[in-house]
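# Descriptive analysis of the structure
Next come the chains, spelled out residue by residue.
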Amino acid sequence: MSSLAADLEFRGLIHQVTDPLLLETLDTASLTAYIGFDPTADSLHVGSLLQLCNLRRLQIAGHRPIALAGGGTGLIGDPGGKSEERPLLSKPDMEANLDGIRTQLERFLDFGKDAGPSRALMLDNGDWLGGLGLIDFLRDVGKHFTVNQMVSKESVRARLDRPDQGISYTEFSYMLLQAYDFFQLFDAHDCRLQLGGSDQWGNIIMGIELVRKMRRTEVFGLTSPLLVQADGTKFGKTESGTVWLDARRTSPYQLYQFFLRTEDAMVGTVLRFLTFLDHDTIRLLDAETQAHPDRREGQRALAHEVCTLVHGESEARRAAAAAKALYSEEITGLDESTLLEVCADAPTTVLARTALDTTSLVDALVTSGLAKSKNQARTTISQGGVYVNNRRLHDSDAGLRPDDLLFGRYLILRRGRRDYHLLRFE
C-alpha cells in the first residue's frame, strides 16, 4: 500500500504546499487538519467532493480531520471566484443549511468514538466569530496584516479591477476571518494543516502567517487543483443547474448519469480525484478508456464509486440498473418515479386517453416527431429501428395497446439507439 503522500501525488492532488516537509510529515506523524465548507445552501454540491475525499484520505491514513462549516464567514461571503458580492444569508437560513450539511459529512468521515485519535470533528466558526469584538479583532488580528498584502490577493484584485463591481469592506475582511479560523483551531485542537482548492491559497497563507506571528509556530497549507470540465468550465454545473449531494435536489440516478457522461479526456482525472480505487485499477481503467472508449468502463466505474460514496451501495446499484434499463426491456420493471427520471431528458407528448384506441404505431411516430412522415415511419419499422418500451416491433400496421401502458399512462417510443419520446395518456 502506498503512503499518503505518494497517493496524493499519484492522484494529482498536490498543487501547492507551503513547506515540502509536509509531505514527509503526512507519512511519519499524526496531524489534525481542516477544510472549510461554505454553507450557502442546505446541501453541498459536486464541487465539494474533492475536498471531502481529501479529508477522508487523511482520516484513513490516521490523521484527524476537521470539517469546518462557515456559519460565521458564511454570513460574510468569500469573494474568491465571484464577480459580484453574494447576497447575505439570515441566521435562520444559515442554521438550516448547517443542519443539511452535517448529514452529508457523516457519509465521508467517521465521527464515532471508535475512530479514536483520528475521530473527525465538525465545527462551526460562528461559535467563535459570533462573539468576537470588533475592537479586539482589529487590535489582535488586523494589526498583523497590511492593506497592501490584502489588496495583492487575486480574489480581491480581480474585483478591484472591475470598478462597476468593486468589493465591499464586508467581503474584504473575509480573509482575516478565515486566518483567525486557523489560529483558533490551532489553539483549541492543535490543528497544523489547512487544505483547500488552489483558489484558497491566499487565504491559507494568511492563516499560516497569523499563527506564526501570534504563536511563533510553523503550520502547513496544501492546495489541490480545481476540478473543472475539459473546456475549463466549473465542474458540477449542467444546463439544468448545480449537481447536489442531497438526493432531494439531485437524485442518485441523476448523480450517476452526471458521472456516466464524463468526457473520455476527463475520466482518468476524475477517477483519481473522487474515488478510492487503487492505483492499479485506475491504470487499467485508463488503458481500457484509451483502447475501447465506446465501452465507457471508466465512466461506469466512476459513476458507481461516486454514487456509492454519496448515497450508499444500494442506491448506486439501483441507479446503475435504471441506466441499463434505458436500453432494455427491463425498463418495464422500474418504479414510476425512476421511470420518469430515466425519461427526464426525453421529449414528451400528452395525448387524450381516448386517442389510444385510434392511434397506430405509425401515427405515434409522426405525432412524436420521431418520423417526418408516415412513409418514413413505415420504412423505419420494417428495418427494425422502432421500439415500444424497448421492445422492437416490425409490424407497420400495429396499433398501440392498453397493455403497453406503463403505470396505466406512459408509453416509451424509441427510434434507433438514442432517439426517445415519452407518450403520456391522460
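Look above for the structure.
The paragraphs below set out a description of the structure included in this document. (Residues numbered from 1 in each chain as written. Predicted model: local features only at pLDDT ≥ 70, side-chain atom pairs only at ≥ 80, totals over all residues. Heavy atoms only, no water.)

Okay, the packing of aromatic side chains next. Under the definition given, this model contains seven aromatic pairs. Seen from their ring centres, F235 and F258 are 5.3 Å apart, and the 75° between their planes marks the pair as edge-to-face. Within this pair, whereas F235 is found in the loop between β6 (220-224) and β7 (237-238), its partner F258 is found in helix α12 (residues 252-260), the two being separated by 23 residues in sequence. Judged by its relative accessible area of 4%, F235 is buried. (Phe/Tyr/Trp six-rings, centres within 6.5 Å; stacked < 30°, edge-to-face > 60°. Helix = DSSP H or I, 4+ residues; strand = E, 2+ residues; numbered from the N terminus. Buried < 20%, exposed > 50% of the residue type's maximum accessible area, 1.4 Å probe, protein only.)

Sheet strands pair via backbone hydrogen bonds, and the direction of the pair is either parallel or antiparallel. If you walk across this open sheet you meet the five strands as β9-β13-β12-β10-β11, and the pairing is mixed. Only two strands of the sheet have a single neighbouring strand rather than two, namely β9 (348-351) and β11 (391-393). Averaged over all adjacent pairs, the angle separating strand axes in this sheet is 30°, with direction ignored. As defined by bridge partners, strand β10 (residues 386-388) adjoins β11 across three bridges and the pair is classed as antiparallel. Following the sheet pairing, V388 is matched in β11 by R391. Of the strands in this sheet, β9, β10, β11, β12 (410-415) and β13 (419-425) touch helix α18 (residues 361-368), which is tilted by about 80° from β12. (Pairing = 2+ DSSP bridges. Axes fitted to C-alpha atoms, helices over the stretch in contact; angles between N-to-C directions. Contact = heavy atoms within 4.5 Å.)

The next point concerns a nonpolar patch on the surface. On the surface, L134, L138 and Y169 cluster together into a nonpolar patch covering about 350 Å² of accessible area. For L134, the location among the structural elements is in helix α6 (residues 134-140). Classification of L134 as exposed rests on a relative accessible area of 57%. (Patch = residues over 30% accessible without salt bridge, like charges linked within 9 Å, V, L, I, M, F, W, Y side chains within 5 Å. Areas by Shrake-Rupley, 256 points an atom, 1.4 Å probe, with all protein chains shown as cover. Salt bridge = Lys/Arg side-chain N within 4 Å of Asp/Glu carboxyl O.)

A separate point is the environment of T32. Relative to the assigned elements, T32 resides in strand β2 (residues 32-37). Leave out the neighbours within four places in its chain, and T32 touches R64, I66, H189, D190, C191, R192 and L193.

On to the nonpolar core. Membership of the largest hydrophobic core comes to 72 residues, with the highest contact counts inside it found for L26, V46, L49, L193, F259 and L274. For F259, the residues in contact, after removing those within four places along its chain, are V46, L49, F235, V270, L274, Q299, L302, A303 and V306. (Core = buried A, V, L, I, M, F, W, Y, C linked by side-chain atoms within 4.5 Å.)

Attention now moves to unusual backbone geometry. The backbone phi angle of D190 is positive, close to 55°, even though this residue is not glycine. As for its position among the elements, D190 is in the loop between α10 (174-189) and β5 (191-197). Looking at D190, the relative accessible area reads 39%, which means it is partly exposed.

In total, this model carries zero disulfides according to the counting rule given. C191 takes part in no disulfide bond, and the closest cysteine sulfur to it belongs to C53, at a distance of 19 Å. Judged by relative accessible area, which is 0%, C191 ranks as buried. Free cysteine: C343, not disulfide-bonded; nearest cysteine sulfur from C307 at 18 Å. Under the relative-accessibility criterion, C343 is labelled buried at 5%. (Disulfide = S-S within 2.5 Å.)

When the terminal C-alpha atoms of helix α15 (residues 297-311) are compared, their 21 Å separation across 15 residues agrees well with the 21 Å that a helix rising 1.5 Å per residue should span. Along α15, the positions that sit buried rather than exposed are G298, Q299, L302, A303, V306, C307, L309, V310 and H311. Around the axis of α15, the buried residues are gathered within 160° of arc, so they sit on the same side. Taken together, the buried residues of α15 touch α3 (49-60), α12, α13 (264-274), α14 (279-291) and α16 (313-325). Among the residues trailing α15, G312 stands out with phi positive, at a value near 100°. (Expected span 1.5 Å × (residues − 1). Arc of directions from axis to C-beta.)

Moving on to the pattern of salt bridges. Pairing of side chains with opposite charge becomes possible as their charged atoms draw close. Tallying each qualifying case throughout the model produces 21 salt bridges. For D286, the salt bridge is made with R272, and the minimal N-O distance between the two is 2.6 Å. Linking D286 in helix α14 with R272 in helix α13, this pair joins segments that are 14 residues apart in sequence. Looking at R272, the relative accessible area reads 16%, which means it is buried.

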